[in-house]
Amino acid sequence: MLEINDLIFRWPGQTDATLNIPKLEVAAGERVFLHGPSGSGKSTLLGLLSGVNKPESGSIRLLGKDLAQLSDAARDKFRADHIGTIFQNFNLLPYLSPIENVTLGCHFSRSRTERVKASGNTLTQQGEQLLQQLGLDPSIMARSVAQLSIGQQQRVAAARAFIGQPELIIADEPTSALDADNRNAFIELLFKEASQYGATILFVSHDSSLAAMFDKYLSLSDINEVVQCS
Ligand code: ADP
Ligand code: ADP
């Protein structure tokens, strides 16, 4: 579902920050761990995958599409339709309820909305189901997100990423605020949700102890080093 070939990316005006990925292949449903210290290029790579950063040379094919060949508008639509992101700080709208935040995940994507409808559910029904599967207690559904704990907000952010079944789920350091037990439990929840429809997960973290949970390990040690995949 994802194929990178001879990718070179350089930040404009910076000769000392070049990301070089000779080869990366990820199959549908695989769980990929992206690891590296601060400044090693993780965000740069995520920007390339979402089409915000453009490669200097080489290609990134996602679901058969070469991202560099798409117009800006087509790339925005492609990202909204096919990538669900769980951000490090969640990027939730604090004054809205959990379900309002989750259904927003479909707001910019007709195809994700249509997938929900095709399942026979309304967006709200599907969102509530997801929140429940992700372990959010129904008793707090009426609160605004600002009134939730970090762990609860994290589940809302995950449900928003999964709604409408995007093929790729990007989780960008979503567990940095959790202790080890809760961190592993949250990752297991993501895996369970993804396996229900075969989503691919790209999980970003600087905590290398999590790597054993994943199928593939992608290590960035320094942005200028050639990226190795195992
Ligand atoms: P990590 O992925 O290790 O959590 P982040 O990329 O989220 O690190 O960055 C954490 C903080 O460090 C952010 O405030 C970011 O702006 C800053 N940061 C990232 N890269 C660099 C760098 N090369 N030099 C200095 N600060 C950086
Ligand atoms: P990470 O996410 O692993 O912390 P980043 O991808 O944020 O790493 O940063 C990798 C390198 O790219 C750093 O040297 C950083 O200074 C550089 N970099 C990141 N963002 C920009 C930017 N917008 N402009 C120029 N250089 C950048």
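Residues numbered from 1 in each chain as written. Chains lettered and ligands numbered in written order. Predicted model: local features only at pLDDT ≥ 70, side-chain atom pairs only at ≥ 80, totals over all residues. Heavy atoms only, no water.

Attention now goes to the packing of aromatic side chains. Summed over all chains, the structure comprises 7 aromatic pairs. Seen in terms of ring centroids, phenylalanine 33 and phenylalanine 214 are 5.1 Å apart; in terms of plane orientation they differ by 40°. Their pairing is tilted. Separated by 181 residues along the polypeptide, phenylalanine 33 in strand S3 (residues 31-35) and phenylalanine 214 in the loop between strand S8 (200-205) and strand S9 (216-219) bring together distant segments of the chain. Accessibility classification places phenylalanine 33 together with phenylalanine 214 in one group, the buried group. Measuring from centroid to centroid gives 5.9 Å for phenylalanine 33 and tyrosine 217, while their planes differ by 10°, and the two rings are stacked. Here phenylalanine 33 is found in strand S3, whereas its partner tyrosine 217 is found in strand S9, with 184 residues between them in sequence. An aromatic cluster of three or more residues is present, and its members are Phe33, Phe191, Phe203, Phe214 and Tyr217. The ring of phenylalanine 191 carries arginine 31 above its face, with NZ or CZ at 4.1 Å from the centroid. (Phe/Tyr/Trp six-rings, centres within 6.5 Å; stacked < 30°, edge-to-face > 60°. Helix = DSSP H or I, 4+ residues; strand = E, 2+ residues; numbered from the N terminus. Buried < 20%, exposed > 50% of the residue type's maximum accessible area, 1.4 Å probe, protein only. Lys NZ or Arg CZ within 6 Å of the ring centre and 35° of its normal.)

For isoleucine 223, the position within the fold is in the loop between S9 and strand S10 (228-229). Here isoleucine 223 falls in the buried class, since its relative accessible area comes to 8%. When the C-alpha positions of isoleucine 223 and proline 37 are compared, they lie 9.8 Å apart, and in sequence the two are 186 residues distant.

Around ligand 2, a shell composed of Trp11, Gln14, Pro37, Ser38, Gly39, Ser40, Gly41, Lys42, Ser43, Thr44 and Ile223 is seen. In this structure, an oxygen atom belonging to ligand 2 sits 2.6 Å away from a side-chain N or O atom of threonine 44. When isolated, ligand 2 has an accessible area of 560 Å², and the protein chains bury 63% of it. Tallied by class, residues from the shell around ligand 2 come to 3 nonpolar, 7 polar and 1 charged. (Near = heavy atom within 4 Å. Polar contact = N/O pair within 3.5 Å; in protein donor to acceptor, adjacent residues only side chain to side chain. Areas by Shrake-Rupley, 256 points an atom, 1.4 Å probe, with all protein chains shown as cover. Nonpolar A, V, L, I, M, F, W, Y, C, P; charged D, E, K, R; others polar.)

Our next topic: empty space enclosed by the protein. By rolling a water-sized probe across the atoms, one finds the places where empty space is left. For the structure on display, the rule yields 2 cavities of 30 Å³ or more. Here the largest cavity defines a volume of roughly 70 Å³. Every residue along the wall of the largest cavity is listed here: Leu2, Ile4, Leu24, Val26, Val32, Leu45, Leu49, Leu168, Thr200, Leu202 and Leu218. Looking at the lining of the largest cavity, the elements with two or more residues in it are strand S1 (2-10), strand S2 (18-26), helix H1 (42-49) and S8. What the second largest cavity holds in volume is close to 40 Å³. (1 Å grid on protein atoms, 1.4 Å probe; cavity = no way out; pocket = protein on both sides within 12 Å on 5 of 7 lines; lining within 4 Å. Points joined across faces, edges and corners; volume = space filled by probe spheres on them.)

A few words now on the pattern of salt bridges. The tally for this structure, following the rule as stated, stands at 10 salt bridges. The salt bridge involving lysine 77 is made with aspartate 81; its shortest N-O contact spans 2.8 Å. Note that lysine 77 and aspartate 81 are positioned in helix H2 (residues 72-82) at a spacing of 4 residues, about one turn of the helix. Take lysine 77: its relative accessible area is 52%, and that puts it in the exposed class. The exposure class of aspartate 81 is buried, given its relative accessible area of 5%. One salt bridge in this structure joins arginine 183 and aspartate 207, with 2.6 Å as the shortest N-O distance. Of this pair, arginine 183 sits in helix H7 (residues 180-195) while aspartate 207 sits in the loop between S8 and S9, placing them 24 residues apart in sequence. Here the two residues arginine 183 and aspartate 207 agree in accessibility, since each one is buried. It is possible to trace a salt-bridge network through shared partners that takes in Glu3, Lys23 and Glu25. (Salt bridge = Lys/Arg side-chain N within 4 Å of Asp/Glu carboxyl O.)

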